[in-house]
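# Observations on the model geometry
Each chain is listed here by its residues.
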Amino acid sequence: MPFVVKIIVNLPDFKLERYFAKYEFTTEYLLCSSDCESMPIADLLAMEEGAAEKLQNVWLGYTESQGSLTLRKEICNLYETTQPEDILVHTGAGEAIFLFMFAAFKEYDHVIVHSPGYQSLAEVARAAGCDVSPWRAREENNWALDMDELRPLLRSNTMAIIINTPHNPTGYLMSRADYDALHQFAKENELLLFSDEVYRESEYDPAARLPAACDLGDHAISLGVTSKTYGLAGLRIGWVATKNKKVYDSMAALKDYTTICNSAPSEFLAEVAMRNRQKLVARNLDIIRRNLNIMEDFFSRHTDLFSWVRPRAGSMAFPRYLAGDVESFCDKVVREAGVLLLPGSVYDDTDNHFRLGLGRKNLPQAVNRLEEYLGK
Ligand SMILES: Cc1ncc(COP(=O)(O)O)c(C=O)c1O
């Protein structure tokens, strides 16, 4: 069997996805979703005059492999200096992560990965043959990464640093000073910096938003998607933005073996979404802010059961359960109360954390149900 095929076959289970597969479509309240509240197609189309008619005329042939020019132009509005030819559109961010790792790395390369984190950011690198060193986020530092802990991780065969900020699952947002230092470090050591920015634009204080990595040099690759901040996961439209032609071309060549090109209706709808993204962001941040207040009150009523670090961005937090084993707690809550929480073990966390989702409209009802259960 060829090396790459063998490795793909040998990928371990994606723990988070397997957990969701058991409960996502059968549980009444999802209190751990990473994406923001979605909407029907009609609501999205209503944001733009004429969009509903235009959708009827979308041509259902193959689309341009790199993504339509009009969509790539809209995506460029997220960035300062990045051009449409620097954008490669994918089927979700998941495909982009997969193709990046196989395009950029070979057996025995070494990469440094933000940890804990979204499993594929480390797992696919490992499957591509890399040795992976975790760069650990510390709860005692509000889930921050420590630049002093990065330097000793560097090896002669280190190829890349992979980060995710705003972060799944902690809601950590890197400081501007650390972000600048990280880019400097990557450039000085000729490393790629893969920056998973799928929760960008969901910062609670817009002034704290970091520049997109792709605008800071050709060492960097930014990952984006319509799923999270914009709440449109069903479109399955993600992208990388990079001025690194070598990485771009290798990913484009690999894409011929996966999806070839993207769904035409999804590209059209993603273009409408990106043109109207300020409205989507405002709506979803309103939901998150209201939910944060509810959670703050909830945690202050249950200091014996939970502790938490309030997130600074995004649609998640990673509280700690203090009254026993978190896996059995989550298991009981889903089976007996119909409320889904995600145990930290799916992130290989061993400190009793669980993921809480903040981006859904029905959080107040889900929290009521949870509280009723806790009162029993
Ligand atoms: C940090 C991070 N990156 C990438 C993805 C993948 O996004 P999508 O499922 O839209 O492909 C997710 C999804 O949860 C994520 O949290």
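See the structure above.
Bear in mind that the values here come from a model prediction, so they are computed numbers and not experimental data. (Residues numbered from 1 in each chain as written. Predicted model: local features only at pLDDT ≥ 70, side-chain atom pairs only at ≥ 80, totals over all residues. Heavy atoms only, no water.)

Glancing now at the site of the ligand. Around the ligand, the structure places 15 residues, and the nearest of them are N168, D196, Y199, S227 and K228. The separation between an oxygen atom of the ligand and a polar main-chain atom of A93 is 2.9 Å. A total of 390 Å² of accessible area belongs to the ligand in isolation, and the protein chains cover 93% of it. When atoms are counted within 2 Å of each cavity's grid points, the one that captures over half of the ligand is the largest pocket. Looking at the shell around the ligand residue by residue, the classes come out as six nonpolar, six polar and three charged. (Near = heavy atom within 4 Å. Polar contact = N/O pair within 3.5 Å; in protein donor to acceptor, adjacent residues only side chain to side chain. Areas by Shrake-Rupley, 256 points an atom, 1.4 Å probe, with all protein chains shown as cover. 1 Å grid on protein atoms, 1.4 Å probe; cavity = no way out; pocket = protein on both sides within 12 Å on 5 of 7 lines; lining within 4 Å. Sits in = over half its atoms within 2 Å of the grid points. Nonpolar A, V, L, I, M, F, W, Y, C, P; charged D, E, K, R; others polar.)

In spatial order, the strands read β2-β8-β7-β6-β5-β3-β4; together these seven strands make up an open sheet with mixed pairing. Here the strands that pair on one side only, and so sit at the sheet edges, are β2 (87–91) and β4 (131–136). Neighbour to neighbour, the strand axes of the sheet diverge by 20° on average, direction disregarded. In terms of strand pairing, strand β7 (residues 220–225) meets strand β8 (residues 237–242) through five bridges, oriented antiparallel. The partner of G224 across the bridge, within β8, is W239. (Pairing = 2+ DSSP bridges. Helix = DSSP H or I, 4+ residues; strand = E, 2+ residues; numbered from the N terminus. Axes fitted to C-alpha atoms, helices over the stretch in contact; angles between N-to-C directions.)

All right, on to the pattern of salt bridges then. Overall, the coordinates contain 20 salt bridges when judged by the stated rule. We note a salt bridge from K15 to D348, for which the minimum N-O separation is 2.5 Å. Here D348 lies in the loop between β13 (342–343) and β14 (354–357) and K15 lies in helix α2 (residues 15–23), a separation of 333 residues in the sequence. Here E74 makes a salt bridge to R275, at a shortest N to O gap of 3.4 Å. One end of the pair, E74, is in helix α5 (residues 69–76); the other, R275, is in helix α11 (residues 264–275), with 201 residues separating them in the sequence. Exposure remark for E74: the relative accessible area of 14% places this residue in the buried category. Taken together, the shared-partner salt bridges in this structure form one network comprising E48, E74, E271 and R275. (Salt bridge = Lys/Arg side-chain N within 4 Å of Asp/Glu carboxyl O. Buried < 20%, exposed > 50% of the residue type's maximum accessible area, 1.4 Å probe, protein only.)

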